[in-house]
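The lines below spell out each chain.
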Amino acid sequence: MRRRRRFIQKDSRTTTFSSRNMMTSTRQYRPLQWWEIRELEQNGCVCSDWGRVHVCDGTDLTKIRNVRFAGDIRIGADVTIENVGLLEMETEALCGIGTEVCVLDETGSRSVRIFPGLTAQLAMLVARDPAWAEGPVKESFDEHINNYPLDRAIGDGAVIRNCGLLFNVAVGREVRIEGASSLRNGAVINNAAHGRALARIGAGVDADGFIIEDGVVDSAAIIRHCYIGQGAVIEKGFTAHDSLVFSNCSLENGEACALFAGPYTVSMHKSSLLIGCQTSFMNAGSGTNQSNHMYKLGPVHWGLLERGVKTSSGSYLMLGAKIGAFSLLMGQHKTHPDSSQFPFSYLFGDDRGATVVVPGAMLRSCGLMRDEKKWPTRDRRQKRRLPLHDRIIFDVLNPLTVGAMLDALEVIRKLLALPADDDRFLRYKGMKFTRAALERASHLYRLAIYKYLHLHTAENGFPAREPGVEAASWVDIAGLLMTRTSLEHAMNKESITEIEQVFDNAFRHYPNLQRSWIAGRFDDSWRRPAEVIADYAAEFDRMIEEDRHKYLDDLAAQNQMLKL
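Here we summarise the structure given alongside this text. For clarity, every value in this text was computed on a predicted model and none was experimentally measured. Counting restarts for each chain, with residues numbered from 1 along the sequence as it is written. Local features in a predicted model are, by the rule used here, given only for residues with pLDDT of at least 70; side-chain atom pairs are given and counted only at 80 or more, and totals for whole chains, interfaces and linings are based on all residues. Side-chain numbers come from the whole structure's heavy atoms, not from hydrogens or water.

**Side note on the sheet that holds strand β7 (residues 73-75)**
Move 1: Strand order in the open sheet formed by three strands is β3-β5-β7, and the pairing between neighbours is mixed. Either end of the sheet is taken by a strand with one partner, and the two such strands are β3 (30-31) and β7.
Move 2: Relative to β7, strand β5 (residues 53-55) runs parallel, the two being bridged by three bridges. Looking across to β7, one finds that Val53 is bridged to Ile73. Between any two strands, pairing holds if DSSP finds at least two bridges. By the criteria applied, helices consist of DSSP H or I runs no shorter than four residues and strands consist of E runs no shorter than two, each listed in order from the N terminus.

Here it is, written out as structure tokens:
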């Protein structure tokens, strides 16, 4: 059995427990003097061996009342602990570090071991390529996790108030834990500047096997085996297990299971279940649901919702599936669709669960550009003076989505050359298209591509093409857009530090890499005069503006209908 290092318990005969103390290794501690022991006993404190209780010169013993001490105790000067049932730390406690999170397929075959400083990018590599994670880089992971210098303590300025159980929980400086029900085997970490802490746990929270780093878990949320990242908020009874939740996610009321929630994943409604999928910049409608279990070999199925996917109320997706970027998913989808070649689409589930795709339809929405502008303004990490773990590129039109549209144009051209089936649909990879939708998509995709070119060539013109140099393919690594070459470079490294440096470089050099991609990807057929490209871009803008005005007009009509 592990030796108990620190133990503080509220006396069941009392109604209050108030102290100002700290347990940390950064101060000079000394044994209690006899008169200090007498003062503590007069204040209702109990200890079987006062020789194991140490204080520093700044400790205010008058604030420590009705406390039962056991084990090795060190009490500092500037932490508030009030009305806590049980506070215990074992000497060899891991405090959540190294906890295995069975993300995506739930079976543990893609598990990610969590630790402070875990980035969305590194976690995605581990989850998506478990064979790589078990290769040469495994030694670096093991060393980093096993030797992580966690201070098993309660940090300066922390507040722990009105809580039930805290067992093997490291609490960082200035962290507030108020009203938590039960916290076991975890760490709550604050990296922000003094007075700007984000990290907090609120009323009724029940958590086990967790790391909360510059995030918030509040209002009766339940988490098991989870990492909660910077600026993420989980509250209002949300339950999550074996899930990774990264920057600025907002999860309320519903449930997550084996979820890889990349930056800005949002689920606000009851009865919504996000299970066995990877998301980012997602907005889940009420009653959103996925299936990862075919009742044969267990919950081995999982899927990808590329950045910006939205789901309507009552949507259902049978995994595995892959949904293209910035698409809207409606109805029930049971044929494992892969719409990644058709970003910005509407996906309807028909009465048999097949997927009907209207490519490019989301490009007409005024909300799309609004999203691109709102995300940076809603970054809770900003103005906190903390090191940002996750690298996030917010561009809606980017080398990945524009490249997909370029490829889609070729697919559409080939589909339009084919005769429709008897039901007047054209079929491709298990999805159904109408001829009219494909023709419209061809126009919408071209407008969006020219809009992208206008944004990046209007000032400096097209970058020169280098003969024989092909454009790199791009990938989205949990919010970071980078070339596949850079990704491969990262995966060839054998230390976490070197891998993270590759991600940092990709993030830093994104504008230059994007311009190089434009140089290699667009041939002469796209390199039209600047005024022609500007005209196409203006048409795209007019389409967005028309949608905005139509929306506002419809809203005004509704308000007129509903007025007194």
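**Things to note about the pattern of salt bridges**
Move 1: What makes a salt bridge here is a side-chain nitrogen of Lys or Arg within 4 Å of a carboxyl oxygen of Asp or Glu, nothing more. Scanning the model with the defined rule gives 28 salt bridges in all.
Move 2: Between Glu178 and Arg161 there is a salt bridge, with the nearest N and O atoms lying 3.0 Å from each other. Taken together, the positions of Glu178 in strand β12 (residues 176-178) and Arg161 in strand β11 (residues 159-171) put the pair 17 residues apart, joining distant regions of the chain.
Move 3: Each residue gets one of three labels from its accessible area relative to the maximum for its type: buried under 20%, exposed over 50%, partly exposed in between, using a 1.4 Å probe on protein chains only. The partly exposed category is assigned to Arg161, whose relative accessible area is 22%.
Move 4: Residue Asp554 is joined to Lys550 by a salt bridge in which the shortest nitrogen-to-oxygen separation is 3.1 Å.

**Examining the state of the cysteines**
Move 1: When two cysteine sulfur atoms lie within 2.5 Å, the pair is treated as a disulfide. Per the counting criterion, the structure on display carries zero disulfides.
Move 2: Left without a disulfide partner, Cys95 is nearest to the cysteine sulfur of Cys163, which lies 16 Å away.
Move 3: Looking at the unpaired Cys257, the closest cysteine sulfur is the one in Cys226, lying at 9.6 Å.
Move 4: Since its relative accessible area comes to 4%, Cys257 is described here as buried.

**Section: the nonpolar core**
The nonpolar side chains of soluble globular proteins are, as a tendency, buried together.
Move 1: Throughout, nonpolar core names a set of buried Ala, Val, Leu, Ile, Met, Phe, Trp, Tyr and Cys residues whose side chains join them through atoms within 4.5 Å. In terms of nonpolar packing, the biggest core is built from 145 residues, with Ile177, Leu183, Leu244, Phe260 and Phe522 touching the most fellow members.
Move 2: Top element by residues in this core is helix α7 (residues 435-457). It accounts for 10 residues.
Move 3: We call two residues in contact whenever any of their non-hydrogen atoms come within 4.5 Å of each other. If sequence neighbours within four positions are ignored, Ile177 has contacts with Val159, Ile160, Arg161, Cys163, Leu166, Val171, Leu183, Val188 and Ile201.
Move 4: Counting 14 residues, the second largest nonpolar core, distinct from the first, contains Ile37, Leu61, Ile64 and Ile73.

**Examining the pairing of β11**
Move 1: The buried fraction of β11 amounts to 10 of the 13 residues, a majority that puts the element mostly inside the structure.
Move 2: Of the pairings in the sheet, the one linking strand β8 (residues 80-90) to β11 comprises seven bridges and is parallel in character. The residue of β11 that forms the bridge with Val84 is Cys163.
Move 3: As paired strands, β11 and β12 are joined by three bridges and run parallel to one another. Bridge pairing in β12 places Val159 opposite Arg176.

**A word on the packing of helix α2 (residues 120-128) against helix α9 (residues 496-508)**
Move 1: Packing of α2 against α9 brings their axes to within 10 Å, and their N-to-C directions diverge by 115°. What the angle tells us is that α2 and α9 run roughly perpendicular. The handedness of the crossing between α2 and α9 comes out as right-handed. When α2 is examined against α9, the residues Gln121, Leu122 and Leu125 are found in contact with a partner set consisting of Ile496, Ile499, Glu500 and Phe503.
Move 2: As a working rule, the residues Ala, Val, Leu, Ile, Met, Phe, Trp, Tyr, Cys and Pro are called nonpolar, Asp, Glu, Lys and Arg charged, and the rest polar, with Gly in that last group. Of the residues contributing to the contact of α2 with α9, the split by class is five nonpolar, one polar and one charged. The axes are straight lines fitted to the C-alpha atoms, using for helices just the contacting stretch, and the angles between their N-to-C directions are given from 0 to 180°. With respect to orientation, any angle under 35 degrees is reported as roughly parallel, any angle over 145 as roughly antiparallel, any angle of 65 to 115 as roughly perpendicular, and every other angle as oblique. For any pair of crossing helices, the crossing counts as left-handed if the nearer helix is rotated counterclockwise from the farther one by less than a right angle, and right-handed if it is rotated clockwise.

**Here we look at helix α10 (residues 510-521)**
What sets the pattern is the α-helix's 3.6 residues per turn: residues three or four places apart point alike.
Move 1: With 12 residues, α10 extends 16 Å from end C-alpha to end C-alpha; this agrees with the ideal 16 Å at 1.5 Å per step.
Move 2: Every buried residue of α10 is listed here: Tyr510, Gln514, Trp517, Ile518 and Ala519.
Move 3: Packed against the buried residues of α10 are α6 (399-416), α7, β38 (474-477), β39 (480-483) and α9. In this analysis, the expected span of each helix is defined as 1.5 Å times one less than the number of residues it contains.

**Considering the layout of surface pockets**
Move 1: Quantified by volume, the largest pocket comes out at close to 840 Å³.
Move 2: Using a grid of 1 Å spacing that covers the protein atoms alone, one calls a set of points a cavity when a 1.4 Å probe fits there but cannot get out, and a pocket when the set is open and has protein on both sides within 12 Å along at least five of seven lines; lining residues are those with an atom within 4 Å of a point. What lines the largest pocket is a set of 36 residues, and nearest its centre among them are Glu306, Leu400, Trp474, Val475 and Arg484.
Move 3: Elements represented by at least two residues in the lining of the largest pocket include exactly α2, β25 (277-279), β28 (303-305), α6, β38, α8 (484-491) and α10.
Move 4: Here the lining of the largest pocket gets six residues from one element, more than from any other, and that element is α6.
Move 5: Residue composition of the lining of the largest pocket, by class: 18 nonpolar, eight polar and 10 charged. Grid points are joined across faces, edges and corners, and a volume is the space filled by probe spheres set on the points.

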